Amino acid sequence: MSYLELRDVSKVYGEGAAEVRALHRIDLTVAAGSLVAVMGASGSGKSTLLTIAGSLEDPTSGEVYVEGCPLSSLSRNGKARLRRQSIGYVFQDYNLLAGLSAVENVSLPLELDGVPARKAQAAALESLENFGLKDRASHYPDMLSGGERQRVAIARAVVGNRQLLLADEPSGALDSHNAEAVMRLILASCRRGMAAVVVTHDAQLASWADRVVFLRDGRVVDQTLPAEGPEVILADLGHQ
Amino acid sequence: MSVRHALLALLREGPKYGLQLRQEFEARTGEVWPLNVGQVYTTLQRLERDGLVESDDSTEDESPQKGFRITEEGAAELDNWLRTPPDLSSPPRDELVIKVLVAIELPGVDVHELVQVHRRYLVELMQQWTRLKEDESRFDLNFALVVDAELFRLDSLIRWLDTADGRLKRAALEGDAPAPQPFPLPKARRKLGVKQ
């Protein structure tokens, strides 16, 4: 079942001569438990697609469905509640609050949603532990490496009962080892049932996805076929 | 890839049998390059002919239990090979590059669509290799290095396609489509090994 669906979504900024068509008639579905990468050059509309999918921005036309619910039917408060409860965001520059420790950063969205502080802290600690960061819980962002900061950001994005993860170049500032670690965590979250969309220009990052969608000048121009499993590849190499 | 030098490297660790060399070669290369036993023995015969290995004469020639050991000349040859960088000074005749270059001049061909066909294929290949990495318990260090090398190789091709795509788009916007003129520095062309 698709958790996220964009149906005939377009986005236009400006008017007349200043009009910019950022997205043009996008159709995209992301099933629960699957990781979809959106690849494209700078200015292809990747980030706009992500902000519209995450209800941070409204489309000019078309509809976005999250768990079957059309976002246009939600009030402003309804969208804010959906973002707090169901959607996690990961950005290239982490977006951690410098004055809060790792565990406070992770528990913040839960507390903003009304979860009692003690319960939110316990959930945040569990999330950090899942990502191998329990011993960094009391560290502030400037005490963490880039890789650790992004892992905290992912822990924050999946804490609670969130079902949709949206990531914008999540490993753009990291070396290849940490980039791989970040993608492993996102993929592991998908294998536990989350739906995820990662937008990137980086093929190494995109290759972790179950499906790669190619965006060009605001249009979906192509997508990969489902990737074969390791057994097929190893058999092709002459090994069972 | 030099099977000859890979076998010398294995024999540097100590005397080994032909079948043993085949098994160890495949294990060391992440089992990505299967090697048939005939290839192993043919290579060993040539190494022996060149004085780089010696065989155990106490058993029959084609016996799978025939032992081999590296000679001093073989060890020197191996050291020299390890320290000699592969020849990357001349651009290879890359088929993908040639296809794109040819397409630019062909009427009726959408070069961006062509680039996308190749980009998708390469990303699909990368997805397959990355699937192999997903389960870390399945492979050892050697295999991980081989998979990484293949992913970086494919990634570099995709980066070139992305760059070519952007360059062609900008050229079209500027009304400055590349004209079919030869590279104006013949000396540089020769130095780079680009054939006329």
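Residues numbered from 1 in each chain as written. Chains lettered and ligands numbered in written order. Predicted model: local features only at pLDDT ≥ 70, side-chain atom pairs only at ≥ 80, totals over all residues.

Chemist: Just to check I follow, could you spell out the overall build of chain B for this structure?
Modeler: For chain B, the helix and strand inventory stands at eight helices and three strands. Going residue by residue from the N terminus, the α and β elements of chain B occur as α-β-α-α-β-β-α-α-α-α-α. Of all 196 residues assigned to chain B, the portion counted as buried reaches 19%. (Helix = DSSP H or I, 4+ residues; strand = E, 2+ residues; numbered from the N terminus. Buried ≥ 20, exposed ≤ 12 C-beta atoms within 10 Å, placed from the backbone.)

Chemist: What should I look at first to understand the overall build of chain A in this one?
Modeler: A count of helical and extended segments in chain A gives eight helices and ten strands. Here chain A has a C-alpha radius of gyration of 18 Å; the compact-globule value for 240 residues is 18 Å, and the two agree. The proportion of buried residues among the 240 residues of chain A is 43%. Of the contacts made within chain A by residues no fewer than 6 positions apart, 68% connect residues no fewer than 24 positions apart. (Rg over C-alpha atoms; globule rule 2.2 N^0.38 Å. Contact = placed C-beta atoms within 7 Å.)

Chemist: Hey, could you run me through the sheet that holds strand β1 (residues 16-17) of chain B in this one?
Modeler: Backbone hydrogen bonds are what pair the strands of a sheet, in a parallel or an antiparallel way. All names here are of chain B. Pairing is antiparallel in the open sheet, where three strands are placed in the order β1-β3-β2. The open sheet terminates on both sides in strands that have one partner only, identified here as β1 and β2 (53-55). Examined bridge by bridge, β2 and strand β3 (residues 67-70) share three bridges and lie antiparallel to one another. Residue pairing in the sheet places valine 53 in a bridge with isoleucine 70 of β3. (Pairing = 2+ DSSP bridges.)

Chemist: Explanation requested: the nonpolar core in the structure shown.
Modeler: Note on soluble globular proteins: their nonpolar side chains tend to be buried together. Counting 79 residues, the largest nonpolar core has A:Ile154, A:Leu165, A:Ile186, A:Ala196, A:Val197 and A:Val198 as the members making the most contacts within it. Counting residues per element, this core draws most heavily on helix α6 (residues 111-134) of chain B, at eight residues. Ignoring anything within four residues of it in the chain, the contact list for A:Leu165 reads A:Gly88, A:Val90, A:Ala157, A:Val158, A:Ile186, A:Ser189, A:Met194 and A:Ala196. Listed in part, the 15 residues of the second largest apolar core include B:Ala6, B:Leu8, B:Leu47 and B:Val53. (Core = buried A, V, L, I, M, F, W, Y, C linked by C-beta atoms within 7 Å.)

Chemist: Could you clarify how one ought to interpret helix α3 (residues 102-112) of chain A in this entry?
Modeler: Because an α-helix packs 3.6 residues into every turn, residues spaced three or four apart end up facing the same way. Here α3(A) has its buried residues at A:Ala102, A:Val103, A:Asn105, A:Val106, A:Ser107, A:Pro109 and A:Leu110. Where α3(A) is buried, its residues contact α2 (76-86), α4 (117-130) and α5 (146-158) of chain A.

Chemist: Explain the domain arrangement of chain B here, please?
Modeler: A common way to state how big an interface is: give the accessible area lost once the parts meet. Residues and elements named next belong to chain B. Each assigned domain of chain B is listed here: domain 1 (3-83) and domain 2 (95-180). Computed over C-alpha atoms only, the centres of domain 1 and domain 2 are separated by 37 Å. Counting residues at the interface gives five residues for domain 1, matched by four residues for domain 2. Here the side of domain 1 that touches domain 2 is built from residues that sort into one nonpolar, two polar and two charged. (Domains from an automatic or database assignment. Nonpolar A, V, L, I, M, F, W, Y, C, P; charged D, E, K, R; others polar.)

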